[in-house]
Amino acid sequence: MRNLSHDTPRTLFTKEHRGLVEEGEKWMKETATSCTVVAALIATIMFSALFTLPGGFDQYTGLPLFLHRSSFIAYIVSDAVSLFSSTSSMLMFLGMLTSRYREEDFLRSLPMKLIIGLSTLFFSMATMMMTFGVALMIFLKERFDWVSFPIMLLASVPVTLFALLQFPLLVDIFLSTYGPGIFDKPNKRGRFL
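Residues numbered from 1 in each chain as written. Predicted model: local features only at pLDDT ≥ 70, side-chain atom pairs only at ≥ 80, totals over all residues. Heavy atoms only, no water.

Caption draft 1: Local environment of the overall build of the protein chain. When helices and strands are counted, the protein chain shows 5 helices and 0 strands. Seen in sequence order, the protein chain has helices and strands lined up from the N terminus as α-α-α-α-α. Against the compact-globule benchmark of 16 Å for 193 residues, the protein chain has a radius of gyration of 23 Å, which places it well outside the compact range. The dimensions of the protein chain, computed from C-alpha atoms along their principal axes, are 85 × 40 × 20 Å. In the protein chain, which comprises 193 residues, the share counted as buried stands at 33%. For the protein chain, long-range pairs separated by at least 24 residues make up 70% of all intrachain contacts whose partners lie at least 6 apart in sequence. If you average the places of the 17 positive and of the 15 negative side-chain charges in the protein chain, the two averages end up 8 Å apart. (Helix = DSSP H or I, 4+ residues; strand = E, 2+ residues; numbered from the N terminus. Rg over C-alpha atoms; globule rule 2.2 N^0.38 Å. Buried < 20%, exposed > 50% of the residue type's maximum accessible area, 1.4 Å probe, protein only. Contact = heavy atoms within 4.5 Å. Lys, Arg positive; Asp, Glu negative; His and termini not counted. Charge placed at Lys NZ, Arg CZ, Asp CG, Glu CD.)

Caption draft 2: Seen up close, the nonpolar core. Judged by nonpolar contacts, the single largest core of 22 residues is most densely connected at M28, I42, F93, M96, L114, L118 and L121. When residues of this core are traced back to their parent elements, those giving at least two are α2 (18-51), α3 (70-97), α4 (109-140) and α5 (148-178). Ignoring any residue separated from it by four or fewer positions in sequence, one finds L121 in contact with C35, V38, A39, I42, S89, F93 and F162. Ranked by size, the runner-up nonpolar core spans 8 residues in total, among them L53, F72, Y75 and A135. (Core = buried A, V, L, I, M, F, W, Y, C linked by side-chain atoms within 4.5 Å.)

Caption draft 3: The pattern of salt bridges, seen in detail. Under the defined criterion, the tally for this structure stands at 3 salt bridges. A salt bridge links K29 to E25; the shortest N-O distance between them is 3.1 Å. A residue pair is termed a helical-turn pair when its members lie 3 or 4 positions apart in one helix, as K29 and E25 do in helix α2 at 4 residues. Take E25: its relative accessible area is 25%, and that puts it in the partly exposed class. Taking the shortest distance from any N to any O, the salt bridge between E104 and R102 comes out at 3.6 Å. For R102, a relative accessible area of 37% gives the class partly exposed. Each of R102, E104 and D105 takes part in salt bridges that share partners, so that together they form one network. (Salt bridge = Lys/Arg side-chain N within 4 Å of Asp/Glu carboxyl O.)

Caption draft 4: A look at the UniProt feature "domain: PGG" (unreviewed entry) in the protein chain. Listed under "domain: PGG" (unreviewed entry) in the UniProt record, and renumbered for this structure, are residues 25-137. Counted over residues 25-137, helix gives 74% and strand 0%. Its end C-alpha atoms are 44 Å apart. (UniProt positions renumbered as here; feature names shortened; annotations may be inferred.)

Caption draft 5: The arrangement of the side chain of S99 in detail. Note on placement: S99 falls in the loop between α3 and α4. A polar side-chain atom of S99 sits 3.5 Å from a polar atom in the side chain of D105. (Polar contact = N/O pair within 3.5 Å; in protein donor to acceptor, adjacent residues only side chain to side chain.)

Caption draft 6: Fine view of the UniProt feature "transmembrane region" (unreviewed entry) in the protein chain. Under the present numbering, the feature "transmembrane region" (unreviewed entry) in UniProt falls on residues 32-52, 72-94, 114-140 and 146-165. Helix makes up 100% of residues 114-140 and strand 0%, with an end-to-end C-alpha separation of 39 Å. The annotated region residues 146-165 carries 90% helix and 0% strand content, and the separation between its end C-alpha atoms amounts to 31 Å.

Here is the structure:
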């Protein structure tokens, strides 16, 4: 079908929503840029923490001094998980920055990248703080065992703040991308037609 100006519905939609696409592109790029910086900082910190192990190395064997402690294994695992998830987050946000930003990209591709990027960024922050807490526990276990718990509790504050600030955005994006559409109306039984 065509209107009086001989435009198809798709062409008319594109003309009418051009400004909205430009605003969406600007917001996505700003969000992806700032999140890429945070993910890169976390990846850098976690990479360096992997080679500056708590307790140091044995001068004769070169093995870590705390290698046989279970808390040291927790340190290594949480550090590696944080490094991998922050790198994944960085790649998702870089994928957003290099996108073509066509109208079709705003339906599935860009929201999916944003959901994965924010989720892996949150996960990398949480495991980074877990690495911090385990390192403190390794250092303070012998002398100040009681200090570890309050410090780990305080370390959870930034992760909680990030979750509280970003979770509503994540839910909105998820529901608008994968939830019922505007044409799906629930019937009397609560099911969608």
